[in-house]
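A structural walkthrough
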Amino acid sequence: MIIFKSHRLSSNWIFLPAGLLRRAKSGLPRLCMLYHPDKHRDPELKSQAERLFNLVHQAYEVLSDPQTRAIYDIYGKRGLEMEGWEVVERRRTPAEIREEFERLQREREERRLQQRTNPKGTISVGIDATDLFDRYEEEYEDVSGSGFPQIEINKMHISQSIEAPLTASDTAILSGSLSTQNGNGGGSINFALRRVTSAKGWGELEFGAGDLQGPLFGLKLFRNLTPRCFVTTHCALQFSSRGIRPGLTTVLARNLDKNTVGYLQWRWGVQSAMNTSIVRDTKTSHFTVALQLGIPHSFALISYQHKFQDDDQTRVKGSLKAGFFGTVVEYGAERKISRHSVLGAAVSIGVPQGVSLKIKLNRASQTYFFPIHLTDQLLPSAVFYATAGPLVLYFALHRLVIRPYLRAQKEKELEKQRESTATDILQKKQEAEAAVRLMQESVRRIIEAEESRMGLIIVNAWYGKFVNDKSKKSEKVKVIDVTVPLQCLVKDSKLILTEASKAGLPGFYDPCVGEEKNLKVLYQFRGVLHQVMALDSEALRIPKQSHRIDTDG
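Cut-offs applied
- All residue numbers here refer to positions counted from 1 along the written sequence of the relevant chain.
- Totals for whole chains, interfaces and linings use all residues, but because this is a predicted model, local features are given only for residues with pLDDT of at least 70 and pairs of side-chain atoms are given and counted only at 80 or more.
- Based on all heavy atoms of the structure, the side-chain values leave hydrogens and waters out of the count.
- What is meant by a nonpolar core is a set of buried Ala, Val, Leu, Ile, Met, Phe, Trp, Tyr and Cys residues, joined one to another through side-chain atoms within 4.5 Å.
- A simple rule labels every residue: compare its accessible area, found with a 1.4 Å probe on the protein chains alone, to the largest value its type can have, and call it buried under 20%, exposed over 50%, or partly exposed in between.
- Helix and strand assignments follow DSSP, with helices taken as H or I runs no shorter than four residues and strands as E runs no shorter than two, numbered in order from the N terminus.
- Contact between two residues is taken to exist if any of their heavy atoms lie within 4.5 Å; hydrogens are not considered.
- Two strands are counted as paired when DSSP detects at least two bridges linking them.
- All axes here are fitted lines through C-alpha atoms, helices being fitted over the stretch that makes contact, and every angle between N-to-C directions spans 0 to 180 degrees.
- Note that patches include only residues with greater than 30% relative accessible area and no salt bridge, and the join distances are 9 Å for like charges and 5 Å for nonpolar side chains (Val, Leu, Ile, Met, Phe, Trp, Tyr).
- Only the protein chains shown count as cover for residues, with accessible areas throughout obtained via the Shrake-Rupley method and a probe of 1.4 Å.
- For this analysis, a salt bridge means a side-chain nitrogen from Lys or Arg found within 4 Å of a carboxyl oxygen belonging to Asp or Glu.

Per an unreviewed UniProt entry, the recorded name for the protein chain is DnaJ heat shock protein family (Hsp40) member C11, and the organism is Bos mutus grunniens.

1. Things to note about the nonpolar core
Counting 27 residues, the largest nonpolar core has I458, L486, L519, V521 and I542 as the members making the most contacts within it. The set of elements that each furnish at least two residues to this core consists of helix 6 (380-452), strand 18 (456-465), strand 20 (495-497), strand 21 (518-525), strand 22 (528-535) and strand 23 (540-542). Once you skip the residues sitting within four places of it in the chain, V521 turns out to touch I458, N460, A461, L486, H530, Q531, V532 and I542. Within the second largest apolar cluster, 10 residues are counted, among which are I127, V355, L374 and A386.

2. What to know about the sheet that holds strand 19 (residues 478-481)
Ordered by their spatial adjacency, 4 strands build an open sheet running 19-18-21-22, and the pairing between neighbours is antiparallel. Across the chains shown, the open sheet's two edge strands, defined by having one partner strand only, are strand 19 and strand 22. Taking the axes of each pair of neighbouring strands and ignoring which way they run, one obtains an average angle of 20° across the sheet. Note that strand 21 and strand 22 share 8 bridges and pair antiparallel. The residue bridging L522 from the neighbouring strand is Q531, located in strand 22.

3. Quick word on a nonpolar patch on the surface
On the surface, I162, L166, L174, I189, F191, L193, L205, F207, F217, L237 and I244 cluster together into a nonpolar patch covering about 950 Å² of accessible area. Counting only elements with at least two residues in the nonpolar patch, the list comes to strand 4 (184-198) and strand 5 (201-210). With 3 residues, the top contributor of residues to the nonpolar patch is strand 4. Residue placement: L174 occurs in strand 3 (residues 170-181).

As structure tokens, this is what we get:
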């Protein structure tokens, strides 16, 4: 059963066919006649008709009230369930109702402020694997155990931050980090207080301290100058035994078009620099070009990332960076391996940096980064193994571990979903069967009228999961016969279904919860057979010439 609504086509609520949603009130008389209890003498059918007739009546009450109809048009069922409407003045316009709903939402969100945090973390482990490719000559290998390459962890970095909303406009941020490299390390802790001053800007005060450096005081400001331009400024004072080191960073950004942003950055302090960059981000690509002039680092950068439109959100990227300290070429890819995890790998080839392999795993808001330094020289063998090794390992893991795990998880979720909805599905099945029985007489009259004008006759119709040649052997067909319900929706030799799940149509129910479904229809129009198969949420309009079955073939 789907929702009785006036214009919204995406939510579920009261019993009414999706095809009548855009002409809801005009479809009411037909439904009332179909389900009116007085039209049925059988006690069982009469009882079922009463229940369905009451559902249609509830839908009519929503559409008849301008306020409830406007609320539902904008927000659907969740809007009607929102607490607080009873104190809202009636005869509001849709715009006023939208503002009132947003106010009620804000009040509900404010009650949850104390329960919300935004944890972010990064763990980086640097690995020195140069002994795999840059080994000493054999005459120097007199140390016990030197036959095995020595792989070491030479640096680590751990950082974590959490946010604590204090009010609707104030947020406290606590962060800390620990770093170590070649046996030496240190840490720091920072506290920041951010305030949203208006819809155009915010400010942030920062306080920090560490064991290697003294206290830190900073101020960050953000401001929208125009709808297409904004500026950010960060100034800081770092106290140390050598005195006070001030720093200032300013970024000016402007939207050049819908997908392109240009940046100008000026940094003054220990490493002063000026940087300009252009970033273009579209649905299928991400392109960056940047130029920096600074002391001591000056460089030019160009990078490109291609986004594949697949379920795994695969991305392939490459970049070239050239400056006073050498040239680096980097290429890699990343792919979604689960609902919350993205795995990526990149190969970095540079002079004089050598060859490195960088592996990164993003899990929700946590990042795990493993830079592996393979060699200080440009060795073809290091480049080959850095490229081929991760690919072979990924495909092996994906086939032997990730794919079976995800399949098992999906089956477990589907089974859990089936169990949780079993009672509801059984009830909807009974309602659908009752609706079909109530439709029989109306369908008979519709067929007689359509036959008299050589109109639209639904010969057979099935809804559910179909099996094809690419399906697994263990998969089974799970479909229901919906010939009668579809014929009942035919009017003036036309059948129109909108973009919504067909499980909500009268006489329909979901025969395979959580699985992909289709609607297959074999129909006759003007005495000629036609056939069409549509996706569950796909709009369908018949008859169409393209559905005609070629009998000549």
